[in-house]
Protein chains: 2
Amino acid sequence: MPLTTNNPTRKSWLNVPNNSDFPIQNIPFGVFLTKEDVITIGTRIGDYAIDLGALQQLNYFEGIDLTDDMFMQDTLNDFISDGKKTWRLVRNRIGDIFDSNNPKLRDNPEHREIVIFKMEDVEMQLPVLIGDYTDFYSSKEHATNVGKMFRDPANALLPNWLHIPVGYHGRSSTIIPSGIPIHRPMGQTLPNGETTPVFGPSRLVDFELETAFITTDANIMGENIPVNEAEEYIFGMVLLNDWSARDIQKWEYVPLGPFLAKNFASSISPWIVTMDALEPFRCKGPNQEPMPLPYLQQKGKHAFDINLEVYIEPENVAPSLVSKSNFKYMYWSMSQQLAHHTSNGCRINSGDMMGSGTISGPTPDSFGSMLELTWGGKNPIVMNDGSERKFINDNDTVTMKGFCKNSSVRIGFGEVSTKLLPPFVRK
Amino acid sequence: MPLTTNNPTRKSWLNVPNNSDFPIQNIPFGVFLTKEDVITIGTRIGDYAIDLGALQQLNYFEGIDLTDDMFMQDTLNDFISDGKKTWRLVRNRIGDIFDSNNPKLRDNPEHREIVIFKMEDVEMQLPVLIGDYTDFYSSKEHATNVGKMFRDPANALLPNWLHIPVGYHGRSSTIIPSGIPIHRPMGQTLPNGETTPVFGPSRLVDFELETAFITTDANIMGENIPVNEAEEYIFGMVLLNDWSARDIQKWEYVPLGPFLAKNFASSISPWIVTMDALEPFRCKGPNQEPMPLPYLQQKGKHAFDINLEVYIEPENVAPSLVSKSNFKYMYWSMSQQLAHHTSNGCRINSGDMMGSGTISGPTPDSFGSMLELTWGGKNPIVMNDGSERKFINDNDTVTMKGFCKNSSVRIGFGEVSTKLLPPFVRK
């Protein structure tokens, strides 16, 4: 099936601002709440949210095999379960409906009134019910930085790192969409030089710049997904801020890994950008040496050229750009991650989310966490009001942006933006 | 509200075999499938499965505030969300309905026909949709055994262990009910003395003897649950076999914890035994020294005296009892685990599952895994056909049983039983 929606010369009859992340070539999927308290599945063009439930009711998806209430739901899980063929048919159809040459909806003010909302008039929700959340650790630069700081600078990478896309399980219940503030977590930490821990607010709250991919039902329990088929089961991607409390993490994580240091919050951008929309930005990933074991070997291009930015915005102060990175730096590809994850027969469901791990680039201004950017707090970053940040302060807002760009089109994720409130105090 | 259902002198008009785990004082909750392909929520008395959906339709729950289809569902999540008061009203009512002195259902053959099934005629399902699965590591004996084997025998416990109920996130998608066979997992391991890993079937598949508790909606994100309120949010318990591949675990688990070594399967017993049913078996847990930090301090009895047994049954060979342990040995209580889990504001939902961690007792015959029972394979266990086991062989069935017993009543879990099939081979 041709990806007609990716045609870079196509224009929409809806206004798309210059440099928008959401031209008619994007067509991401999300879930939003209207002012009338209606929840629906939608897409976005320019600064308009489009109600796909209403479009379906008005018969705009005629000829595509969909259940009657496919888009009148509060999660995308069922749609994602329908598989890649259906995703493409729907995305192509949406492209057609909003093509500047198609008068059907364009010239029907009554339908437009029902279908189209201003972005400022809707509230974005979590796009999927996330059954299981896995976080990988697939940036060689990040793993090396962490190893240098906390372990042996001469042997920064652990012995398994070049052989395994290392990952661990995260908490689904605290994944939130952009815009929801969080509290600085309380927790147990061991003060430097002490042998008895204390309980109190984390002093070292950090962001982690990540992307994540959303899967469809991929296998039955006990069966693996071969690496060369894995991309068939990836619906799309979001930006992910995997909030971390470094002091809690340090005290708790040996031997079973991070737990309370991570599970107080993970924020994602609300629009899932499909792999089809990202296809023009496919590129070669880093050279893998030593060669991975056969079940992880793949040919062709499996990285994606996605520009990433992180901003810190203190209250009432203009935001500062603190990191510029790129998803293409990731050592392990998403298909290798998924093949590894299922190599033991682990079942993957529609709506599962898999994080990349912190995405650090090769230069110090491309590191994906404050831990690395300030090198453990040694080199604070100066904000626009002259204040310094070693980690994130109360009432700071952390915003991540992501976009792909070539000479003819820009496809973006919008942003994931989260304010860190002071610790919760029981009244 | 009195726990009338716990009255040990009460008898049911349904036959309950001697030594049954399911007298009228138990009244566990589960989900089963009938031969007519109907899924319903149910309970069990003796060897009978009782259709609570049918009981509700026939008005036996009149006067209790329940949504119309409360029990005509394929998971218990909504019922659990209704909270402790409703659980008690329903459990007490079921006790009344089946009390030997109550003729209402007893003497209505038409209703009995609709409501009561033989256990052999139903197929037990997962009782809840498990949103998040957390596994703790709360047996001091187990943590000490593992530390002695793999780290420093003189300092077997890690520095954080006596201060934190250490836990980590597991995988929900591969939690299965008793009776579903699993495949020996494939995976990446590092052969002894080598520097290059290999991929193949795990050679060291092990069980872990655990219990798990199921929570109700407990908090809003960002808020904690005080340790002295935590028991209000625990619905009940099941037996858990947390399958583990020791060779995969050894190679993958540093630094982010176990992943593929655990997430190929976790088996649970299908009936959730309520905390109310377990109340008579509450007992004092081990002395905690050093004293935990204030947010983990609690008074009173928070352990439960639950006998646990593990059997290995090679194909066509009588099962061997390989371990006898008890839940009362756990160092950290379930309420401490839940208070710790939410101390950072982590959200707990209805249907979340929290495993105890391997339950090892003080003596070598009470250890909760083959790793410990055979001390890393050094002391194999002999089966009834003379064959030896260091770990679990293909086609072995591992069965765990659990029950509480005092002079007047026995309350049990039934069993969790799982056959280990050879590795999956793609055709």
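Residues numbered from 1 in each chain as written. Chains lettered and ligands numbered in written order. Predicted model: local features only at pLDDT ≥ 70, side-chain atom pairs only at ≥ 80, totals over all residues. Heavy atoms only, no water.

### Let's talk about the relation of the copies chain B and chain A
In plain terms, the rule: The fit set for superposing copies consists of C-alpha atoms from residues with pLDDT of at least 70 in both; the fit itself is least squares. Any two residues having at least one pair of non-hydrogen atoms within 4.5 Å are treated as being in contact.
Taken as rigid bodies, chain B and chain A are interconverted by a rotation of 180 degrees and an axial shift of 0.0 Å, the fit giving an RMSD of 0.0 Å. Taken together, these values place the two copies in the relation of a two-fold axis. Taking C-alpha positions as the reference, the residue of chain B nearest the rotation axis is Gly257 of chain B, at 2.1 Å. When you check the interface residues of chain B against chain A, 100% turn up at the interface there too, and the contact is symmetric in its surfaces.

### Digging into the UniProt feature "domain: Fumarylacetoacetase-like C-terminal" (unreviewed entry) in chain A
To keep things clear, this is the line we draw: UniProt positions are given in the numbering used here, feature names are shortened, and annotations may be inferred rather than shown by experiment. Secondary structure follows DSSP: runs of H or I at least 4 residues long count as helices, runs of E at least 2 residues long count as strands, and numbering of each begins at the N terminus.
Look at the UniProt record and you will see "domain: Fumarylacetoacetase-like C-terminal" (unreviewed entry) annotated at residues 134–402 of chain A. Split by type, residues 134–402 of chain A is 13% helix and 28% strand. Its first and last C-alpha atoms lie 21 Å apart.

### A few points about the interface of chain B and chain A
Just so we agree on the cut-off: Here's the idea: put two parts together, see how much 1.4 Å probe accessible area each one loses, and the total over both is what we call buried area. Salt bridges are defined by distance alone: a side-chain nitrogen of Lys or Arg within 4 Å of a carboxyl oxygen of Asp or Glu. Each residue is assigned to one class: nonpolar for Ala, Val, Leu, Ile, Met, Phe, Trp, Tyr, Cys and Pro, charged for Asp, Glu, Lys and Arg, and polar for all the others, Gly among them.
The partner chain A presents 63 residues to the 63 residues of chain B that form the contact. Between chain B and chain A, roughly 5700 Å² of surface is buried when both sides are summed, and carbon and sulfur atoms account for 61% of that area. Of all residues in chain B, Arg171, Leu256 and Phe259 of chain B give up the largest surface area on contact with chain A, accounting jointly for 14% of the area buried on that side. Between Arg171 of chain B and Asp352 of chain A there is a salt bridge whose closest N-O contact spans 2.6 Å. Ranked by residues supplied to the side of chain B that touches chain A, first place goes to strand E7 (residues 167–169) of chain B with three residues. Residues that form the side of chain B that touches chain A fall into these classes: 33 nonpolar, 22 polar and eight charged.

### Quick word on the sheet that holds strand E9 (residues 182–183) of chain A
All names here are of chain A. The line we're drawing: Strands are treated as partners if at least two bridges between them are detected by DSSP.
Here we have five strands laid out as an open sheet, ordered E9-E26-E25-E20-E21, and mixed in their pairing. The two strands at the open ends of the sheet, each matched to only one other strand, are E9 and strand E21 (320–326). Of the pairings in the sheet, the one linking strand E20 (residues 307–313) to strand E25 (residues 397–405) comprises seven bridges and is antiparallel in character. What sits directly across from Glu309, in E25, is Lys401.

### So, the sheet that holds strand E4 (residues 116–118) of chain A
Residues and elements named next belong to chain A. Pairing is antiparallel across the open sheet formed by five strands, whose spatial order is E4-E3-E2-E1-E5. Of all strands in the sheet, those bounded by a partner on one side alone are E4 and strand E5 (123–124). Summarising the sheet, strand E3 (residues 48–51) and E4 pair through three bridges and their orientation is antiparallel. Directly across from Ala49, in E4, lies its bridge partner Phe117.

### Here's the deal with the pairing of strand E1 (residues 30–33) of chain A
Consecutive side chains of a regular strand alternate in pointing toward one face of the sheet and then the other. All names here are of chain A. What counts is decided by this rule: Burial classes: relative accessible area under 20% of the type maximum marks a residue as buried, over 50% as exposed, and values in between as partly exposed (1.4 Å probe, protein chains only).
Side-chain alternation along E1 places Gly30 and Phe32 on one buried face and Val31 and Leu33 on a second face that is also buried. Linking E1 back to strand E2 (residues 39–45) in an antiparallel pair, the connection comprises five residues, with Asp37 at a positive phi of about 65 degrees. By the bridge criterion, two bridges tie E1 to E5 in an arrangement that is antiparallel. Its bridge partner being in E5, Phe32 is matched across the sheet by Met124.

### Comments concerning unusual backbone geometry
Residues Val254 of chain A and Pro255 of chain A are joined by a peptide bond in cis, for which omega reads 10 degrees. Topologically, Pro255 of chain A is positioned in the loop between helix H7 (246–252) and strand E16 (266–268). Following Glu289 of chain B, the chain continues to Pro290 of chain B via a peptide bond in cis, the omega torsion being 5 degrees. Tracing the backbone through its elements, the reader meets Pro290 of chain B in the loop between strand E18 (282–283) and strand E19 (303–304).

### Here we look at helix H3 (residues 84–97) of chain A
Defined as follows: What a helix should span is 1.5 Å times the count of its residues minus one.
For H3 of chain A, with 14 residues, the first-to-last C-alpha span of 20 Å sits near the 20 Å given by 1.5 Å per residue. Of the residues making up H3 of chain A, those classed as buried are Lys84, Thr86, Trp87, Val90, Arg91, Asn92, Ile94, Gly95 and Ile97 of chain A.

### As for the pattern of salt bridges
Per the stated rule, a full pass over the model turns up 38 salt bridges over all chains. For Arg10 of chain B, the salt bridge identified is with Asp96 of chain B, shortest N-O distance 2.6 Å. With Arg10 of chain B in the segment before strand E1 (30–33) and Asp96 of chain B in helix H3 (residues 84–97), the pair connects residues that are 86 residues apart, well separated along the chain. Note that Arg203 of chain B is salt-bridged to Asp247 of chain B, the shortest N-O span being 3.6 Å. Of this pair, Arg203 of chain B sits in the loop between strand E11 (198–201) and strand E12 (205–206) while Asp247 of chain B sits in helix H7 (residues 246–252); the two residues are 44 residues apart in sequence, bridging distant segments of the chain. Three or more residues are tied together by salt bridges with common partners; here these are Asp206, Glu208, Asp242, Arg246 and Lys262 of chain A.

### Topic: the state of the cysteines
Test applied: The criterion for a disulfide is a pair of cysteine sulfur atoms lying within 2.5 Å.
On inspection of all chains with the given rule, the structure shows zero disulfides over all chains. Summary of cysteine pairing: Cys346 of chain B is not part of a disulfide, and the nearest cysteine sulfur, belonging to Cys346 of chain A, is at 20 Å. For Cys346 of chain B, a relative accessible area of 0% translates into the label buried. Considering cysteine sulfurs only, Cys283 of chain B is the nearest to Cys404 of chain B, which forms no disulfide, with 9.3 Å between them.

### Quick word on the pairing of strand E6 (residues 133–136) of chain A
Residues and elements named next belong to chain A. With burial as the criterion, each face of E6 is covered, one bearing Tyr133 and Asp135 and the other bearing Thr134 and Phe136. Here E6 pairs with strand E22 (residues 353–355) via three bridges, running parallel. The residue of E22 that forms the bridge with Tyr133 is Met353. The pairing of E6 with strand E7 (residues 167–169) spans three bridges and is antiparallel. Among the inter-strand pairings, Asp135 is bridged to a residue of E7, identified as Tyr168.

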